[in-house]
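# Reading the structure
For reference, the chains in residue letters:
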Amino acid sequence: MAKLGVNVDHIATVRQARGTIEPDPVTAALLAELAGADGITVHLREDRRHIQDRDVEILRATVQTRLNLEMAATDEMVAIAERLLPDQVTLVPEKRQELTTEGGLDVIGNAAQLRPYIARLGQAGIVVSLFVDPDAAQIKASREVGGNAVEIHTGTYCDAPTEARRATELEKIRQAISCGHESALVVNAGHGLNYRNVREVVALGGVEEYNIGHAIISRALLVGLDRAVREMATLVRC
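A brief structural summary. Just so it is clear, the model here is predicted, and its values are computed rather than measured. (Residues numbered from 1 in each chain as written. Predicted model: local features only at pLDDT ≥ 70, side-chain atom pairs only at ≥ 80, totals over all residues. Heavy atoms only, no water.)

## Quick notes on the packing of helix α3 (residues 53-62) against helix α4 (residues 75-84)
Contact pair α3 / α4: the axes reach a minimum separation of 11 Å and the direction vectors enclose 25°. Here α3 is positioned roughly parallel relative to α4, judged by the angle of their axes. α4 is crossed by α3, and the crossing has right-handed handedness. Contacts from Asp53, Val56, Glu57 and Arg60 in α3 reach Ile80, Arg83 and Leu84 in α4. Its residues assigned to classes, the contact of α3 with α4 shows three nonpolar, no polar and four charged. (Axes fitted to C-alpha atoms, helices over the stretch in contact; angles between N-to-C directions. Helix = DSSP H or I, 4+ residues; strand = E, 2+ residues; numbered from the N terminus. Parallel < 35°, antiparallel > 145°, perpendicular 65-115°, else oblique. Left-handed = near helix turned anticlockwise from the far one by under 90°. Contact = heavy atoms within 4.5 Å. Nonpolar A, V, L, I, M, F, W, Y, C, P; charged D, E, K, R; others polar.)

## Points about the nonpolar core
Counting residues in hydrophobic clusters, the biggest one holds 75 residues, and the most contacted among them are Leu91, Tyr210, Ile212 and Ile216. Sort the elements by how many residues they give to this core and helix α11 (residues 225-236) lands first, with seven residues. Ignoring any residue separated from it by four or fewer positions in sequence, one finds Ile216 in contact with Leu4, Val6, Tyr195, Leu225, Ala228, Val229 and Met232. (Core = buried A, V, L, I, M, F, W, Y, C linked by side-chain atoms within 4.5 Å. Buried < 20%, exposed > 50% of the residue type's maximum accessible area, 1.4 Å probe, protein only.)

## A look at the pairing of strand β2 (residues 39-43)
Counting buried positions along β2 gives five out of five residues, so the element sits mostly inside the fold. In this structure, strand β1 (residues 3-7) lies alongside β2, joined through three bridges in parallel fashion. The residue bridging Asn7 from the neighbouring strand is Thr41, located in β2. With four bridges joining them, β2 and strand β3 (residues 67-71) adopt parallel strand pairing. Bridge pairing links Ile40 to Leu67 in β3. With α3 bridging β2 and the parallel β3, this β-α-β connection has right-handed handedness. (Pairing = 2+ DSSP bridges. Right-handed = clockwise from strand over helix to strand, strands pointing away.)

## Side note on the sheet that holds strand β6 (residues 149-153)
Through backbone hydrogen bonds, the strands of a sheet pair up, either in parallel or in antiparallel fashion. Taken in spatial order, the eight strands close into a barrel running β1-β2-β3-β4-β5-β6-β7-β8, and their pairing is parallel. Pairwise comparison of adjacent strand axes, ignoring direction, gives a mean angle of 25° for this sheet. Where strand β4 (residues 88-91) and strand β5 (residues 127-132) come together, four bridges link them in parallel fashion. By the bridge assignment, Thr90 is partnered in β5 with Ser129.

## Examining unusual backbone geometry
Glu22 connects to Pro23 through a cis peptide bond whose omega is 0°. If you trace the backbone, Pro23 turns up in the loop between α1 (9-18) and α2 (25-34). Not every positive phi belongs to a glycine, and Arg48 is a case in point at roughly 50°. The buried category is assigned to Arg48, whose relative accessible area is 17%. For His191, which is not glycine, the phi dihedral falls at a positive 105°. Residue position: His191 is located in the loop between β7 (186-190) and α9 (198-204). When its relative accessible area of 24% is taken as the criterion, His191 is described as partly exposed.

## A few points about α1
Inspection of α1 places Asp9, Ile11, Ala12 and Arg15 among the buried residues, and these make up the whole buried set. In a view along the axis of α1, the buried residues occupy a sector of 150°, so they form one face of it. Turned more than 90 degrees away from the buried face of α1 sit Ala17 and Arg18, all of them exposed. Where α1 is buried, its residues meet β1, α2, β2, α3 and α10 (214-223). Once α1 finishes, Gly19 follows within two positions and takes phi at roughly 60°, a positive value. (Arc of directions from axis to C-beta.)

## Quick word on the packing of aromatic side chains
Taken as a whole and judged by the stated rule, the model has zero aromatic pairs. For the cation-ring pair, Arg219 lies above Tyr195, with the distance from its terminal atom to the ring centre recorded as 5.5 Å. (Phe/Tyr/Trp six-rings, centres within 6.5 Å; stacked < 30°, edge-to-face > 60°. Lys NZ or Arg CZ within 6 Å of the ring centre and 35° of its normal.)

## So, the pairing of β7
The element β7 is largely enclosed, with a buried count of four among its five residues. Sheet analysis places β6 next to β7, joined by five bridges and oriented parallel. For Ile152, the partnering residue across the bridge sits in β7 and is Ala189. Taken together, the three bridges between β7 and strand β8 (residues 209-212) define a ladder with parallel strand orientation. Considered in β8, the bridge of Ala189 is made with Tyr210. Read from β7 through α9 to β8, the crossover connection turns out right-handed.

What follows is the structure in structure tokens.
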């Protein structure tokens with residue numbers, strides 16, 4: 001049965017919009033866990049546009065499930081991870097001008113840079129996942145550089161403009177899940193998934209954890225975080 005990781009970045013986005021102390025992503029994480037989340041995900045960006053260092057530090061001390069820290073592969077971020085010891089680090093591409101992560105990490109093109117960082121994280125006892133497009137070469141490269149897991153980028157499927165394109169992208173995800181297993185990697189998935197489109201991905205099977213943020217937080221504005229998390233958990237665990 002698949003697990004649900006709840007990303008609380010957008011709680012911090014609302015807070016930072018006013019430069020105040022609320023809403024607090026730490027409180028949101030607690031409520032998500034009480035509602036049945038199997039893990040909490042936060043992305044500590046280099047520009048600190050939403051999640052702040054303080055958030056990650058308190059979350060590390062309070063999260064009762066699993067803390068997944070999304071971050072770029074840089075000296076600064078790896079040092080933070082080595083100090084705080086999240087349960088998992090997910091390495092993602094990061095551009096200052098993007099609104100959200102736009103695609104998967106180019107593991108092949110950045111293998112030389114990634115390998116020593118992944119080794120350091122592994123030595124610290126941290127599980128390392130790489131956020132990649134549903135591409136066999138990138139998935140195999142994730143194993144070669146020392147990764148323990150991959151998170152399949154589902155955004156292209158979610159944004160597909162036609163049913164035909166949607167089916168094509170869903171097939172890519174299916175093949176990517178299979179490739180991940182063949183490469184002895186844990187397979188997670190996320191980006192753009194919501195209460196409508198997640199069902200087809202779940203039906204494929206083979207995904208350990210779904211990391212979902214925007215859809216859950218958006219629904220929580222209307223029905224409350226407890227209900228929003230419970231409803232999504234039901235969908236990914238069916």
